Amino acid sequence: MPALMGAGLGFRRDLLQDLTQAVPACINFFELAPENWISCDPLNAKRLRSFSERYPFVAHGLSLSLGGLNPLNTDLLHAIKQFMQMHQIRLYSEHLSWCSDQGQLYDLLPIPFTEDAIQHVVSRIQQTQDILGQRIAIENASFYLQAPINEMDEASFINEVLTRADCDLHLDVNNVYVNSVNHGYDPYAFLQQLPKERVVYLHMAGHYAKQPDLLIDTHGESIIEPVWQLLDFTYQQFGVYPTLLERDYNIPPLAELVPEVERIASLQRKHRA
């Protein structure tokens, strides 16, 4: 399987018909949520296999709830490990958040930035890595409310988790921008506080502006210009990494997504040069 590189697109059932006809040249890899494909019907399993035999994939988890209080779902992790081996998927990432409380909440909720939370999350990341038999990457999550008690800022919290768990960073550029608007900080200064040596993978996405100072991370809109500028700065500061376009809602035909993937690829060529 070729190494993960270049620009990618989320692998969605809505796009399968178009992708089956032809995969645009700008798409070098795909990402999927393993929870949505592990037990899929035989037809879709066969269609996925036809792509995973030709293209690299990333497994991006949605429901592990690394910050949650319930025990980790080890049955799910073992299923993910088997699924990744079957499709030769080398990278698994999850959100630095929680999404369960006696059941799935279907939302990604913020972890308080405290020493206790660091210890809790680190132990769960280490358990995940032990079961999968590999390092994982954690994604900086968007959030809308601050926890009642924070002992440090978001960048310091992320750095501590990465160092103590000895894991990688899945850097979501849009989430940095969304949080910077919602919580009033400089996204460029925030990025410069993150450890570039741990970055392995990037996300780009659109969001919904509910109010000028309240952005919702929907993955349902086109990417706005300030987020493109932030990606340009990220490549300048961190180097060029595999970068994926997320589009999870209001999914248009493939032809309407290709220009955004091509723009990612164009920025990558610019910074490689």
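Look above for the structure.
Engineer: In this structure, what is going on with the overall build of the protein? I would like to understand it.
Structural biologist: Along the protein, the regular secondary structure elements total 9 helices and 12 strands. The C-alpha radius of gyration of the protein comes to 18 Å, within 12% of the 19 Å expected for a compact globule of 273 residues. Along the three orthogonal principal directions, the C-alpha set of the protein runs to about 50 × 40 × 35 Å. Residues classed as buried in the protein amount to 53% of the 273 residues present. Long-range contacts, defined as pairs at least 24 residues apart, comprise 80% of the intrachain contacts of the protein with a sequence gap of at least 6.

Engineer: Teacher, can you tell me more about helix α8 (residues 225–238) here?
Structural biologist: Every α-helix carries 3.6 residues per turn, so stepping three or four residues along brings you back to the same face. Helix length check: α8, at 14 residues, gives a terminal C-alpha distance of 20 Å against a target of 20 Å (1.5 Å per residue), a fit within 8%. All of the buried residues in α8 are Val 227, Trp 228, Leu 230, Leu 231, Phe 233, Thr 234, Tyr 235 and Phe 238. Here the buried face of α8 lies against β8 (168–172), α6 (173–183), α7 (187–192), β9 (199–205), β12 (243–246) and α9 (254–272). Backbone geometry just after α8 places Gly 239 at a positive phi near 100 degrees.

Engineer: I'm lost on the pairing of strand β2 (residues 29–32) in this one. Help?
Structural biologist: On a regular strand, one side chain projects to one face of the sheet and the next to the other, so that they alternate. What you see with β2 is no split at all: Phe 29 and Glu 31 on one side and Phe 30 and Leu 32 on the other are buried throughout. The sheet contact formed by strand β1 (residues 7–10) and β2 spans 3 bridges and is parallel. Bridge pairing in β2 links Gly 10 to Glu 31. Where the polypeptide runs from β1 across helix α1 (residues 16–21) and back to β2, its parallel neighbour, the crossover connection is right-handed. Bridge analysis of β2 against strand β3 (residues 57–60) gives 3 bridges, and the strand direction is parallel. Looking at the pairing, Leu 32 lines up with Ala 59 of β3. Remark: the β2/helix α2 (residues 42–52)/β3 crossover connection has right-handed handedness.

Engineer: How should I be thinking about the pattern of salt bridges in this particular structure?
Structural biologist: What the rule picks out here adds up to 9 salt bridges. Arg 135 is the partner of Asp 166 in a salt bridge, and the nearest nitrogen-oxygen pair spans 3.0 Å. Note that Asp 166 is positioned in the loop between α5 (154–165) and β8 and Arg 135 in the loop between α4 (115–132) and β7 (137–139), a separation of 31 residues in sequence. Given the relative accessible area of 39%, Asp 166 is considered partly exposed. Between Asp 232 and Lys 270 there is a salt bridge, with its nearest N and O atoms 3.0 Å apart. Of this pair, Asp 232 sits in helix α8 while Lys 270 is found in helix α9, placing the two residues 38 residues apart along the sequence. Given the relative accessible area of 48%, Lys 270 is considered partly exposed.

Engineer: I tried to follow the packing of aromatic side chains on my own but got confused; where do I start?
Structural biologist: Each aromatic ring pair is summarised here by two numbers: the centre-to-centre distance and the angle between the ring planes. The tally for this structure, following the rule as stated, stands at 12 aromatic pairs. Seen in terms of ring centroids, Phe 11 and Phe 30 are 5.4 Å apart; in terms of plane orientation they differ by 70 degrees. Their pairing is edge-to-face. Taken together, the positions of Phe 11 in the loop between β1 and α1 and Phe 30 in strand β2 put the pair 19 residues apart, joining distant regions of the chain. Aromatic side chains Phe 11 and Trp 37 sit 5.4 Å apart centroid to centroid with 45 degrees between the ring planes, which places their arrangement in the tilted category. Taken together, the positions of Phe 11 in the loop between β1 and α1 and Trp 37 in the loop between β2 and α2 put the pair 26 residues apart, joining distant regions of the chain. Of the two residues, Phe 11 and Trp 37, neither departs from the other in class, the shared state being buried. In textbook terms, an aromatic cluster arises when at least three aromatic residues are bridged by ring pairs, as seen for Phe 11, Phe 30, Trp 37, Phe 51, Tyr 55 and Phe 57. Between the NZ or CZ atom of Arg 13 and the centre of the ring of Trp 37, over which it lies, the distance is 4.0 Å. Just above the ring of Phe 51 sits the side chain of Arg 54; from NZ or CZ to the centre is 4.9 Å.

Here is what the cut-offs are and how they apply
Residues numbered from 1 in each chain as written. Predicted model: local features only at pLDDT ≥ 70, side-chain atom pairs only at ≥ 80, totals over all residues. Heavy atoms only, no water. Helix = DSSP H or I, 4+ residues; strand = E, 2+ residues; numbered from the N terminus. Rg over C-alpha atoms; globule rule 2.2 N^0.38 Å. Buried < 20%, exposed > 50% of the residue type's maximum accessible area, 1.4 Å probe, protein only. Contact = heavy atoms within 4.5 Å. Expected span 1.5 Å × (residues − 1). Pairing = 2+ DSSP bridges. Right-handed = clockwise from strand over helix to strand, strands pointing away. Salt bridge = Lys/Arg side-chain N within 4 Å of Asp/Glu carboxyl O. Phe/Tyr/Trp six-rings, centres within 6.5 Å; stacked < 30°, edge-to-face > 60°. Lys NZ or Arg CZ within 6 Å of the ring centre and 35° of its normal.

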